[in-house]
Amino acid sequence: MQDASDAGPYPPTYFSRLEPLVIKKILIANRGEIACRVIRTARKMGIATVAVYSDADSRAPHVLMADEAVHIGPSPAAQSYLIAEKIIQACKDTGADAVHPGYGFLSERTSFAEALKDAGIAFIGPPPGAIAAMGDKIESKKLALEAGVNVVPGFVGEIDDTDHAVRIANDIGYPVMMKASAGGGGKGMRLAYSETDVREGFEATKREGLASFGDDRVFIEKFIESPRHIEIQVLGDQHGNIVYLNERECSIQRRHQKVVEEAPSPFVTPKMRKAMGEQAVALARAVGYYSAGTVELIVSGADTTGEGFYFLEMNTRLQVEHPVTEQITGLDLVEQMIRVANGEKLAFGQDDVQINGWSIENRVYAEDPYRGFLPSTGRLARYNPPTVVEGVRVDDGVTEGGEVSMFYDPMIAKLVTYAPTRLEAIDKQIEALDRFEIEGPGHNIDFLSAIMQHERFRSGNITTGFIAEEYPDGFHGAPAAPELLRRLAAIAAFAGMAQADRARRIDGQLGRRLKPPTQWQVRLGDALHDVMIALDEVTVDGEPLDIALEYTPGDRIVEAEFGDETLAVRIAPVRGGFRLTSHGAAHVARVLPGHIAPLAQHMIEKVPPDLSRFLICPMPGLLVTLNVGEGDKVEAGQPLAVIEAMKMENILRAQKSGTVKSVLAKAGESLPVDAVILEME
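J.: Tell me what's going on with the packing of aromatic side chains, and back it up with residues and numbers.
T.: Counting across every chain of the model gives eleven aromatic pairs. Considering the side-chain rings of Phe-373 and Phe-447, the 4.7 Å spacing of their centres and the 75° angle between planes classify their relative orientation as edge-to-face. With a gap of 74 residues between them, Phe-373 in the loop between strand S16 (367-368) and strand S17 (374-375) and Phe-447 in helix H13 (residues 445-453) connect regions that are remote in the sequence. Ring geometry for Phe-407 against Tyr-408: centres 6.2 Å apart, planes inclined by 55°, an arrangement best described as tilted. Taking the relative accessible area as the measure of exposure, Phe-407 reaches 38% and is therefore partly exposed. Through successive ring pairs, a cluster of aromatic residues spans Tyr-370, Phe-373, Phe-447, Tyr-471 and Phe-475. The ring of Phe-457 carries Arg-422 above its face, with NZ or CZ at 4.8 Å from the centroid.

If you want it as structure tokens, here you go:
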């Protein structure tokens, strides 16, 4: 088996068949990153590809990459990507003999797999019966019990109404988790610590399940405290061979949406891995499973015996986080899925599956972590993923000038690193994130870098509550060490000096006899740094600093060498200085020549206006509910309105007590970000 570190962006497979494949042309019933991912492997295998696209995706990268492309309808997924008949017709029109569903959309819809079978089109995924068995969380738990798989204590029947839900939750014991039976991707889930939480969240869970999946059934189970989310990748063929491809740790989540994934897990022992894997294979075998699939487990981090793991669900598709498994096993999972659909046997057994090195995946989302992680949309005015860091893989489906649409998932890219050890893979993430350029919509790059630097994450002592516990008041940027601030101050002074030198060289401005200042004062936050730049020495606050860099006004990234270390900094000019972004935070540096700096104390600071009396729409979205009217008295914490964005309901609450002075929006309106909904007296 080849080491994944030698594999480049896509690891090799264990085998490569030279004989012709039966599958000649694959239609990818998806969009974005995963569509591009499938096209790359199909191209490597010599298989033609067909893309489908909606109005919003007419010039998307997956459309341009594929050999053919078929328009299937308007931008909303319900009118395009989710209509099976349009996908099947596109297959017939182009002669595609197989469909890869990717993840999401139709990937786990039994009726779609059956319709393809009836049309004589191969489905690159599991059999319809397995999708049906595992797609219903209630039924899948019953099957897991029968297969001898550990399950979480809970109620697996149908729940009649809110009162019934309260009785069930009281019997199980708090905290409990309410989940939409057909849910996934973090949608349709509510954690309840009390009867009040159940009464407030049960109906919302039903609505989200109905809106996202067309199914409002809910089940309730015991919430495992201090939990870890660990999943087992399984792979089977149509000849009865099933293996598990080790585990992935997916505990770093926000609102039940995965943010960071890694393989292997820092918590799992060889004994645990074997027990988890064998149970996952037993479940897959019980439902006649083949192709790639994932058994998700909730694991008690407090159970040192390694036996405290429980079945959550089985995802009968390729996972978003599959690249980390590819990196440590040397397998191309998309190729394996295609070969299985083609009727081939797995060319390896369980004993051949090894773990080589460590891989980390960060999901780069279009969201603003500085504003409560609110969804962000808009045009990618600049998009430059890192390309110069060894051991880095970027899976994406966007391009500079493209748009992050309100109609689809806000993920921009997946940043994957590989290294011999976990800490090396983490450090590669920090290095790559510093070089990742995105301008236009908000993004979570700073937040991802902050997680990578967090000592608790680096120690491996993580749970699904990590983000809520470590960032209870939201994200405000990663804390910067004093040495990092000294380095940033020096970089800002160099940039200021370069701008001054450029200004004096512009004909007719300053004349050529005036040299740029060598003494600078840099303010970073509340701290002042005195920087001296001489030919043979640079000092910051009187201390020498070993630094080498090149900067030309207009550069967007500076790579500064400090001895044996290299620091990449995204730099942008602002009034009076620069915005320097590195290591998970943006720092505004005010840069003044030394002889001018003393005059700054006489400048009047501009005080931002008080907006606390306004209820402001925090994201683009639909105003679903407005709970108050003009003249109503409200208390702090009282729900005032509900905004729906990305199919998720967001409750806006009063920040203080008062009386509603005026209402400026109506239920049913689509509001832009920062639109005023109402004003308080």
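Having seen the model, we can carry on.
J.: Summarise the layout of surface pockets; cite the residues concerned and give the values.
T.: Considered as a void within the structure, the second largest pocket measures approximately 700 Å³ in volume. When contributions to the lining of the second largest pocket are tallied by element, the ones reaching two or more residues are strand S24 (519-524) and strand S31 (585-593). Of the residues forming the lining of the second largest pocket, the biggest block, four residues, is contributed by S31. In terms of residue class, the lining of the second largest pocket is made up of 13 nonpolar, five polar and five charged.

J.: How would you explain empty space enclosed by the protein if you had to name every residue and give the values?
T.: For the coordinates displayed, the defined rule picks out one cavity of 30 Å³ or more. A volume near 30 Å³ is recorded for the largest cavity. In terms of lining, the largest cavity is formed by Leu-433, Asp-434, Ile-445, Asp-446, Ser-449, Arg-570, Thr-581, Ser-582, His-583 and Gly-584. Looking at the lining of the largest cavity, the elements that each hand over two or more residues are helix H12 (422-434), H13 and strand S30 (577-582). Top contributing element to the lining of the largest cavity by residue count: H13, with three residues.

J.: Give a detailed account of the pairing of strand S37 (residues 658-663), specifying residues and quantitative values.
T.: In this sheet, S37 lies alongside strand S34 (residues 633-634) in antiparallel orientation, the contact comprising two bridges. When the sheet's bridge partners are listed, Lys-633 is paired in S37 with Thr-659. Looking at chain direction, S37 and strand S39 (residues 676-680) are connected through three bridges and run antiparallel. Of the residues in S39, the one forming a bridge with Ser-662 is Glu-679.

J.: Got a sec to walk through the pairing of strand S29 (residues 565-574)? Specific residues and values, please.
T.: Consecutive residues of a regular strand have side chains that alternate between opposite faces of the sheet. Sheet topology note: the strand S28 (residues 557-562)/S29 ladder contains six bridges and is antiparallel. Looking at S29, one finds that Glu-561 is bridged to Thr-566. Count of turn residues in the S28/S29 antiparallel hairpin: two residues, of which Gly-563 carries a positive phi of about 65°. As judged from the five bridges shared by S29 and S30, these two strands associate in the antiparallel manner. Bridge pairing in S30 links Arg-570 to Thr-581. Between S29 and S30, which pair antiparallel and follow one another directly, the connecting turn spans two residues, one of which, Gly-576, has a positive phi of 80°.

Conventions adopted
- Residues numbered from 1 in each chain as written.
- Predicted model: local features only at pLDDT ≥ 70, side-chain atom pairs only at ≥ 80, totals over all residues.
- Heavy atoms only, no water.
- Phe/Tyr/Trp six-rings, centres within 6.5 Å; stacked < 30°, edge-to-face > 60°.
- Helix = DSSP H or I, 4+ residues; strand = E, 2+ residues; numbered from the N terminus.
- Buried < 20%, exposed > 50% of the residue type's maximum accessible area, 1.4 Å probe, protein only.
- Lys NZ or Arg CZ within 6 Å of the ring centre and 35° of its normal.
- 1 Å grid on protein atoms, 1.4 Å probe; cavity = no way out; pocket = protein on both sides within 12 Å on 5 of 7 lines; lining within 4 Å.
- Points joined across faces, edges and corners; volume = space filled by probe spheres on them.
- Nonpolar A, V, L, I, M, F, W, Y, C, P; charged D, E, K, R; others polar.
- Pairing = 2+ DSSP bridges.

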